[in-house]
Amino acid sequence: MIEKKRIIFHIDMDHFFTAVEEREHPEYKGKPVIVGANPKEGKGRGVVSTCNYEARKFGVRSGMPISRAWKLCPQAIYLPVNYELYVKVSNEIMDTLREYSEKFEQWGIDEAFLDVTSKAKDYAEAEALARLIKKEICEREKLTCSIGIGPNKLVAKIASDIQKPDGLTIVRENETEKFLAPLPVRKLLWVGRKTEQKLETLGIKTIGDLSHYDPTVLAENFGIMGTQIYLMAHGIDKSEVEERGEIKSISRDITFEEDTSDFNLIINTLDKLSEEICNDALRQNLYFKTVTIKVRYENFETHTHSRTLPLITNRLQDLRKTAKELIQNYLRLDRKVRLIGLRVSNFASTEKQKTLI
Ligand code: TTP
Ligand code: MG
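Residues numbered from 1 in each chain as written. Chains lettered and ligands numbered in written order. Predicted model: local features only at pLDDT ≥ 70, side-chain atom pairs only at ≥ 80, totals over all residues. Heavy atoms only, no water.

## Re the pattern of salt bridges
The following threshold applies: A pair is scored as a salt bridge if a Lys or Arg side-chain nitrogen falls within 4 Å of a carboxyl oxygen belonging to Asp or Glu. Under the scheme used here, helices are H or I runs from DSSP no shorter than 4 residues and strands are E runs no shorter than 2 residues, and both carry numbers assigned from the N terminus. The rule is simple: take the accessible area with a 1.4 Å probe, protein chains only, and divide by the maximum for that residue type; under 20% is buried, over 50% is exposed, in between is partly exposed.
With the rule as written, the count across this model stands at 34 salt bridges. The shortest N-O distance in the salt bridge between glutamate 111 and lysine 157 comes to 2.8 Å. Of the two residues, glutamate 111 sits in strand S6 (residues 111-115) while lysine 157 sits in helix H6 (residues 153-160), which places them 46 residues apart along the sequence. Of the two residues examined, glutamate 111 and lysine 157, each falls in the buried class. The network of salt bridges with shared partners includes Lys194, Asp271, Glu275, Arg320 and Lys324.

In structure tokens form, the structure reads like this:
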């Protein structure tokens, strides 16, 4: 059977949090705007959630310490994260997008995929449809977005990031490999900073380098992920556009082989759990706000302790630090621990609920 060629859209809102703030406060327009932690005249802790394109001209970026942003651009308008407002706007945008195809998938707070194969007979029709979507979002929400069109989710997602803001990038199936080849490997989903460094030691910098590499060596070095990224480097991605139920939390538990009061062992294990949870959250583009630890002592007495952070995050250092602070009071020389658990929740997404263990 010949597989039907698909046409997939990836829609990503431009500088989402700051764009919403500018819409609510037209007086900010044209000025650098930064949403994130309180800068406290350069002494603030925490990070930049996002910034508008004017602030990016000064080198400010998402995830950067707010103190660094202050050094680069003290004259910017600094705003706290108004999370409830952004989720409300996000929900409205997602409702608009859902009307364009029954094959819809939200991906994070400001991104979504649409499979428009049955709505557009070729790329010219797809382009017209994408322009319609941009127009409707702009009229309804007074916000701009960038759209990538491609033969699958992977290519569409990379394409939406190529021309920003207010971009529209089309990559047809026969152009895919040429389009991907010059881009850095980091552009592929799953390739984080660690994998990027490891690939670099093999002499692989671009997606083109990766596509020409021996796949068996990649599998030896990276396991199943090696095979996946090799296929991706050739622009192959068969995953469907399908709406996922909302993930309510991500959690991990570990029962020690032997009950322990060894602080180092407990903290190292907690670090490991943090790492696994962050990887999951990053892969699914989820940002969390609440962190919960669980401690079970040898007599099965169990305690949980939560903290809701001032900002959404999925950074490993934030989770590690919070988890360590939360567990401090439960570490006692005279009490052996049987199990520890870590959970993150309160994500930046909506509706139906599901738990990922
Ligand atoms: P992005 O789509 O990655 O960024 P953006 O929309 O701000 O900018 P761009 O025009 O490049 O798409 O993320 C969407 C929102 O998620 C962003 O507005 C703020 C939030 N966010 C964080 O809170 N922390 C982060 O580290 C990142 C990357 C995003
Ligand atoms: Mg965005």
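Still more to cover.
## A closer look at the sheet that holds strand S3 (residues 48-51)
For the record, the criterion: Strand pairing is assigned whenever DSSP detects at least two bridges linking the two strands. Every axis in this analysis is a line fitted to C-alpha atoms, fitted for helices over the stretch in contact. Angles between the N-to-C directions lie between 0 and 180 degrees. Contact between two residues is taken to exist if any of their heavy atoms lie within 4.5 Å; hydrogens are not considered.
The strand order across the open sheet formed by three strands is S3-S2-S4, and the pairing between neighbours is mixed. Bordering the open sheet on either side are S3 and strand S4 (77-79), each of which pairs with just one other strand. Direction aside, neighbouring strands of the sheet carry axes that sit 25 degrees apart on average. In terms of strand pairing, strand S2 (residues 33-36) meets S4 through three bridges, oriented parallel. Paired with valine 35 across the two strands is leucine 79, which belongs to S4. Lying on the sheet, helix H1 (residues 16-24) is in contact with S2, S3 and S4; it crosses S2 at an angle near 120 degrees.

## Things to note about the domain arrangement of the chain
Much of the literature gives interface size as the accessible area that the parts lose upon coming together. Selection criterion: Domain start and end points were adopted from an automatic or database domain assignment.
When cut into domains, the chain gives domain 1 (8-15 + 85-175), domain 2 (18-83), domain 3 (181-233) and domain 4 (249-345). For domain 2 and domain 3, the distance between their C-alpha centres works out to 34 Å.

## Observations concerning the environment of arginine 61
Counted only if it meets this: As used in this structure description, the phrase polar contact means that two N or O atoms lie within 3.5 Å; if the pair is within protein, one of them must be able to donate a hydrogen and the other to accept it, and residues adjacent in sequence are counted only when both atoms belong to side chains.
Tracing the backbone through its elements, the reader meets arginine 61 in the loop between helix H2 (53-56) and helix H3 (66-72). Residue arginine 61 is classed as partly exposed on the basis of its relative accessible area, which comes to 44%. Along the chain, arginine 61 and asparagine 152 lie 91 residues apart, while their C-alpha atoms are 28 Å from each other. A polar contact of 3.1 Å, which involves the side chain of arginine 61, links it to the backbone oxygen of arginine 56.

## A few points about the coordination of the magnesium ion (ligand 2)
Formally: The rule for donors is simple: N, O or S, within 2.8 Å of the metal, or within 3.2 Å if the metal is Na, K or Ca. Water isn't counted, so a site may look like it is missing partners. For four-coordinate sites, all angles between 85 and 135 degrees define a tetrahedron; for four- and six-coordinate sites, opposite donors beyond 155 degrees with the remaining angles between 65 and 115 define square planar and octahedral shapes respectively, and all other cases count as irregular.
Those donors, Asp12 (OD), Met13 (O) and Asp110 (OD), are the protein atoms that reach the magnesium ion (ligand 2), and they lie 2.1 to 2.2 Å from it. Classification of the site at the magnesium ion (ligand 2) rests on its six donor atoms, whose angles at the metal span 77 to 179 degrees, yielding the label octahedral. Motif for the magnesium ion (ligand 2), donor spacing along one chain: D-M-x96-D. Of the two residues, methionine 13 is situated in strand S1 (residues 8-13) and aspartate 110 in the loop between strand S5 (104-106) and S6; the sequence distance between them amounts to 97 residues.

## Focus on the packing of H1 against helix H4 (residues 83-98)
Relative placement of two packed helices is described by the angle separating their axes and the distance separating the axes. We apply this condition: Note that the term roughly parallel is reserved for angles under 35 degrees, roughly antiparallel for angles over 145, roughly perpendicular for angles of 65 to 115, and oblique for everything else. Note on residue categories: nonpolar means Ala, Val, Leu, Ile, Met, Phe, Trp, Tyr, Cys or Pro, charged means Asp, Glu, Lys or Arg, and polar means any other residue, Gly included.
Close contact between H1 and H4 brings their axes to 10 Å; oriented N to C, the two are set at 95 degrees. Put simply, H1 runs roughly perpendicular to H4. Residues Phe16, Phe17, Val20, Glu21, Arg23 and Glu24 of H1 pack against Leu85, Tyr86, Val89, Ser90 and Ile93 of H4. When grouped by side-chain class, the residues that make up the contact of H1 with H4 number seven nonpolar, one polar and three charged.

## Focus: the sheet that holds S1
Taking strand neighbours across the sheet as the criterion, the five strands line up as S5-S6-S1-S7-S8 in an open arrangement whose pairing is mixed. Each edge of the sheet is formed by a strand with only one pairing partner; in this case those strands are S5 and strand S8 (168-170). Neighbour-to-neighbour, the strand axes of this sheet turn through a mean angle of 15 degrees, independent of strand direction. By the bridge criterion, three bridges tie S5 to S6 in an arrangement that is antiparallel. Residue pairing across strands places phenylalanine 104 opposite leucine 114, the latter belonging to S6. Sheet strands touched by helix H5 (residues 123-141): S1, S6, strand S7 (145-150) and S8. Its angle to S7, the strand with the most contacts, is close to 160 degrees.

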